[in-house]
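Chains, contacts and geometry: an overview
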Amino acid sequence: MLGKLIKYDLKGIIRPLSVFYILGVTFSVLARIFNEVQNSIIFQVVGKITTVIATCIIISSLLFCLVQLWARFERGLFKDEAYLTHTLPVKIQTIYASKCIVGLISTVTTMVIALLSLFIGYYSEENLQAVRSSLELTAGIYDTTVVRLLLLVAFVSLLEAVFIMLVGYAGIVLGYRSNKNKNIRSVTIGVGLYLAMQVLTLGIVFVIGLFQPEVMNLIKTVNFGMDPVWAIKLLMYAGIGIYIVYSIGYYILGEKVLEKGVNVD
Amino acid sequence: MNLIECKDLCKEFDGKPVLKNVNLKIESGRIIGLLGKNGAGKTTLIKIINDLLTPTSGEVLIEGKKPGVESKAVISYLPERTYLNPDMTPGQAISFFHDFYSDFDTERAERLLQDMNLDKNQKISKMSKGMREKLQLLLVMSRDARLYVLDEPLGGVDPATRDYILDTILSNFKEGASILISTHLISDIERILDDVIFIDEGEIALSVSADELRVNENESIDEYFRRYYDVRKTDKI
């Protein structure tokens, strides 16, 4: 049943997102074509405009992906479509897992399409060289390879996106426990949960700093390149661990609240 | 074993009682009318049976078990609103039901789709309200369920279509199954009812066989219903 749910949930989310994907890639191609023509002022102006539009679409596609995921989650579990979702002979845990897996897949897809659009729009030998140099420099500072660094950045970005998605889901699930002002409650609880976790993270880092003076020094005066590499690495890995724990925590929270039963509008 | 059993079922919204100590038993093979005025608690009771609402206290048992995966596999539910994804087409909706309900009869659904003159490839978002209601009805009645729960299937439909809907329900439900129909349009459905349940201000006012009610009161169910509320109104005044 999970596979079937994922299939239908994916179909539902990819349809609106594909509009952004197509627009992003199209404007990136246009930007690339117009920017290639060097001897025409009109083409250069149009090239700049299409570059700005492409960049806006790429950024907004990431935001739109999250908003769509939340909207579909709310519609599927608490609005009109919930009348079908909750009457399917499927466990609520499976329905929730499907929503989360589809969220993960569509976030990765959106990130990949965004990177592809950026590559199409901005690729040139000089740009590639500049990115490579800065990556090699950063990788050298942190005593790692460029591939590892890229993988780490991709993983952290994905983790942050998944965390925000799950916070939103938890906000909606908790907001809909009430019978009044469900939307406002969902947003308020979601934002509150997100801020609470940020404060908690700072608290954890502060506690680490109490035992590691170099970490505390790093918090007080951030000076990348001068600070001890091990302290930055420690913070980075601690951050990853903390966000994995938060994400699992919010997943379980959402699941447990749903298990208690729903009150569909 | 009873198909549905409600034990001291209560539901409150923000402290306001909507269902008050509902005790009810529904047997297999019956067509039951859940009758009452708007806001009497019919939809709330149906939503609890379908696991769409959590009771404040008491419980509902479907074939002896609490609402869950097993009960959902045997109940075919028609809500009073459109619950299909508007981006789907009727053809995709049929595939969806076929994927999730093992008792779904695709051939029957396609036959009903043709009978109702619905385009298999038209998007649901482009359909009229009446067409959407017909589509949902055909999906629900294409299942070989043990209980069909139909919430206001005649609401907002012209009299000619009401007859067509009732015929569709009667000619497509599985033998031995029960139908629970919630409505306030009693005169339209009373001819098909085996039992009636009156619900009034969240309480079961009457649960009786339709024939027994007609014989004992010497009037139609619709007339009894109107008289009942007239008396209630006078009592309140």
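Every value quoted in this text rests on a predicted model; they were computed, and no experiment measured them.

Parameters and conventions
Residues numbered from 1 in each chain as written. Chains lettered and ligands numbered in written order. Predicted model: local features only at pLDDT ≥ 70, side-chain atom pairs only at ≥ 80, totals over all residues. Pairing = 2+ DSSP bridges. Helix = DSSP H or I, 4+ residues; strand = E, 2+ residues; numbered from the N terminus. Axes fitted to C-alpha atoms, helices over the stretch in contact; angles between N-to-C directions. Contact = placed C-beta atoms within 7 Å. Buried ≥ 20, exposed ≤ 12 C-beta atoms within 10 Å, placed from the backbone. Arc of directions from axis to C-beta. Parallel < 35°, antiparallel > 145°, perpendicular 65-115°, else oblique. Left-handed = near helix turned anticlockwise from the far one by under 90°. Nonpolar A, V, L, I, M, F, W, Y, C, P; charged D, E, K, R; others polar.

1. A word on the sheet that holds strand β6 (residues 147-151) of chain B
All names here are of chain B. Read across the sheet, six strands follow the order β5-β6-β7-β3-β8-β9 without closing on themselves; strand pairing throughout is mixed. Every other strand in the sheet has two partners, leaving β5 (75-78) and β9 (203-209) as the edge strands with one partner each. Within this sheet the neighbouring strands show an average axis-to-axis angle of 15°, counted without direction. The sheet contact formed by strand β3 (residues 31-35) and strand β7 (residues 178-183) spans five bridges and is parallel. Residue Ile-32 lies in a different strand from β7, and its bridge partner there is Leu-180. Across the sheet, helix α1 (residues 42-49) touches β3, β6, β7 and β8 (195-200), and the angle it forms with β6 is around 145°. Helix α5 (residues 129-141) contacts β5 and β6 of the sheet and is inclined by roughly 175° relative to β5.

2. Digging into helix α4 (residues 106-115) of chain B
Residues and elements named next belong to chain B. Considered for burial, the residues of α4 that qualify are Ala-109, Leu-112 and Leu-113. Looking straight down α4, one finds its buried side chains confined to an arc of 105°; they lie on one side. In α4, the exposed residues that point more than 90 degrees away from the buried face are Glu-107, Gln-114 and Asp-115. Immediately beyond the C-terminal end of α4, within one or two residues, lies Asn-117, with a positive phi of roughly 60°.

3. Describing the packing of helix α4 (residues 92-122) of chain A against helix α6 (residues 146-175) of chain A
Residue and element names in this part refer to chain A. Where α4 meets α6, the axes come as close as 10 Å, and the angle between the chain directions of the two elements is 135°. For the element pair α4 / α6, the angle class is oblique. The two elements α4 and α6 cross, and the hand of that crossing is right-handed. Facing Gly-103, Leu-104, Thr-107, Val-108 and Met-111 of α4, the residues of α6 in contact are Ser-157, Leu-158, Ala-161, Val-162 and Met-165. Across the contact of α4 with α6, the residue classes tally to seven nonpolar, three polar and no charged.

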